[in-house]
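# Examination of the molecular architecture
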Amino acid sequence: MIAPAKKFGIALLSLVILAGGLFVYYQHNQKQSPVGQLNTSPSATVTIVDTIGRSVQVPQEVKRVACLYAFSGHVATMLDQGRKIVAVPDGLHRDVLLNQICPSIGKAVVPVQSGSINIEELLKAKPDLVFLQKETALNQSEVEKLNQFHIPYLVVDFGSIQEQQKAIKVIGQALGASERAQEYNTFYQNCVDRVEKVVREIPPNKRVRVYHSINEATRTDIVGSLPADWMQRTGAVNVALDQPLRLVEGKYYASLEQLMVWNPDLILANEPGVASYITSNPQWASMKAVKDQKVYQMPIGISRWGHPGGLETPLAMLWTAQLLYPGYCKDIDIEAETQKFYQQFFHVQLDQESIEQILSGHGMRLKKGQTNQ
């Protein structure tokens, strides 16, 4: 007979060998799994082609999604999937209307900052799927964090109206809400068609020269960006396009001297406080748009209208076309359009005060460090 102590030793040794074998097997299977895919049976996944052409297997039913690009969080909420959002960039915590419509977003973790993923925080959220911005996805050290744990991710990228519509379609496919995504894109294209029909009637010599400020007073658009596309379709002459701009960390800036030379007829600012900064700053005082009191804060709803990553591009087009060419846009009732839009796509009935607040942009986006909680 084997002594009890020896029996225990043999049993313990067997467990160690078994555990070691399982670890090697697990490591082998992890290495064999395709990058960006879950290690699950094919019947539990569907293949989605993202906006940069990657074919990715994602869960057939996504229950927990990390929207690490703010735009994807806005779209997920519009698709009635906001309750599934478990991780977001800090900016989504600061969108006032978004958090009123979907309070759970305020409780989502923030595992990304300046494109860098905190994988420990992300793992706590246990996402089935991650949406990433292209800049993050092109950083191999960042996506390796996801690949290491076999978390599937889809890249959301666009630089035009058509590409933004495709991005909405991709998000809809991934979240099982394709019909809803198509409903939005149909509305979107209808707005584009309406605006372009009006603009065709405006003679070239009556087009308004516009400077578009993004986030900061001197940050602006470039060719190949979404704002460049939607502004051109509204008949605006974007003074910054095809001009030499200063590139800083992927963002483009004009100098004050350039702005003086461009001397735009009208200025649009999408960030709260920037319009008042421009109108109260003596350095901008001699500019035509400032002297004529044509510096405007753009509306803010779920997102900042007309922003490079904003959802409400179709509304931004209607609002801008009416602002620039009121005589040609008499059929556009922007208050009615605003109420109808948020009712249809976010199931919220806005009162007159709320509509006016959205259109003014005031109080709709918190400053960094502030919270809706």
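Cut-offs used in this document
- Residues numbered from 1 in each chain as written.
- Predicted model: local features only at pLDDT ≥ 70, side-chain atom pairs only at ≥ 80, totals over all residues.
- Heavy atoms only, no water.
- Helix = DSSP H or I, 4+ residues; strand = E, 2+ residues; numbered from the N terminus.
- Buried < 20%, exposed > 50% of the residue type's maximum accessible area, 1.4 Å probe, protein only.
- Contact = heavy atoms within 4.5 Å.
- Core = buried A, V, L, I, M, F, W, Y, C linked by side-chain atoms within 4.5 Å.
- Pairing = 2+ DSSP bridges.
- Axes fitted to C-alpha atoms, helices over the stretch in contact; angles between N-to-C directions.
- Salt bridge = Lys/Arg side-chain N within 4 Å of Asp/Glu carboxyl O.
- Patch = residues over 30% accessible without salt bridge, like charges linked within 9 Å, V, L, I, M, F, W, Y side chains within 5 Å.
- Areas by Shrake-Rupley, 256 points an atom, 1.4 Å probe, with all protein chains shown as cover.
- Lys, Arg positive; Asp, Glu negative; His and termini not counted.
- Charge placed at Lys NZ, Arg CZ, Asp CG, Glu CD.
- pLDDT = per-residue confidence, 0-100.
- Parallel < 35°, antiparallel > 145°, perpendicular 65-115°, else oblique.
- Left-handed = near helix turned anticlockwise from the far one by under 90°.
- Nonpolar A, V, L, I, M, F, W, Y, C, P; charged D, E, K, R; others polar.

### Some thoughts on the overall build of the protein chain
When helices and strands are counted, the protein chain shows 15 helices and 14 strands. Counting all 373 residues of the protein chain, 50% fall into the buried class. Residue pairs in contact within the protein chain that sit at least 24 positions apart in sequence constitute 62% of those at least 6 positions apart.

### Here we look at the nonpolar core
Soluble globular proteins: nonpolar side chains tend toward being buried together. Formed by 77 residues in total, the largest nonpolar core has its most connected members in Phe71, Phe131 and Tyr342. Ranked by residues supplied to this core, first place goes to helix α8 (residues 178–199) with nine residues. Among the nonpolar cores identified, the runner-up in size contains 18 residues, and Ile267, Val274, Trp284 and Val295 belong to it.

### A look at the sheet that holds strand β9 (residues 209–213)
The four strands lie next to each other as β10-β9-β13-β14, forming an open sheet whose pairing is parallel. Only two strands of the sheet have a single neighbouring strand rather than two, namely β10 (237–238) and β14 (295–297). Both β9 and β10 contribute to a ladder of two bridges, which runs parallel. Bridge pairing in β10 links Arg209 to Val237. The sheet strands contacting helix α13 (residues 313–324) are β9, β13 (266–269) and β14, and the helix crosses β13 at an angle near 155°.

### Let's talk about the pattern of salt bridges
In the structure shown here, the tally under the stated rule is 13 salt bridges. Here Arg54 ties to Asp50 by a salt bridge, and the two come within 2.6 Å at their closest N and O atoms. Ionic pairing is found between Arg365 and Asp95, a salt bridge with its closest N-O pair at 2.6 Å. Remark: Asp95 occurs in the loop between β4 (85–87) and α3 (96–101) and Arg365 occurs in the segment after α15 (352–360); sequence separation between them is 270 residues. For Arg365, a relative accessible area of 13% puts it in the buried group. Among the charged side chains, a salt-bridge network with shared partners connects Asp80, Arg180 and Glu183.

### Thoughts on a negative patch on the surface
A cluster of acidic side chains, namely Asp333, Glu335, Asp351, Glu353 and Glu356, defines a negative patch on the protein surface. Summarising the element assignment, Asp333 is placed in the loop between α13 and α14 (334–346).

### As for the confidence of the model for the protein chain
On average, residues of the protein chain score 90 in pLDDT, and 88% of them reach the 70 mark or higher. A low-confidence stretch, residues 1–42 stays under pLDDT 50, and its non-local contacts, those more than four residues away or across chains, total 23 contacts.

### Focus on the packing of helix α2 (residues 70–78) against helix α7 (residues 161–174)
At a minimum axis separation of 10 Å, α2 and α7 run at an interaxial angle of 60°. As far as their axial angle goes, α7 and α2 are oblique. Crossing angle aside, the handedness with which α2 passes α7 is right-handed. The segment α2 lies against α7, with Phe71, Ser72, Val75 and Met78 engaging Gln164, Ala167, Ile168 and Ile171. Among the residues making up the contact of α2 with α7, the classes are represented as six nonpolar, two polar and no charged.

### Concerning the sheet that holds β4
Ordered in space as β4-β3-β7-β8, the four strands form an open sheet in which the pairing is parallel. Two strands lie at the open edges of the sheet, namely β4 and β8 (153–156), each paired on one side alone. Each strand of the sheet is rotated relative to its neighbour by a mean of 35°, with strand direction disregarded. Sheet topology places strand β3 (residues 65–67) next to strand β7 (residues 129–133); three bridges connect them, and they run parallel.

### Concerning the packing of α13 against α14
Here α13 crosses α14 at 175°, and the two axes come no closer than 10 Å. Classed by the angle they form, the pair α13 and α14 counts as roughly antiparallel. Residues Leu315, Leu318, Trp319 and Gln322 of α13 form the contact with α14, whose own contacting residues are Ile334, Glu337, Phe341 and Tyr342. Classifying every residue of the contact of α13 with α14 by side-chain character gives six nonpolar, one polar and one charged.

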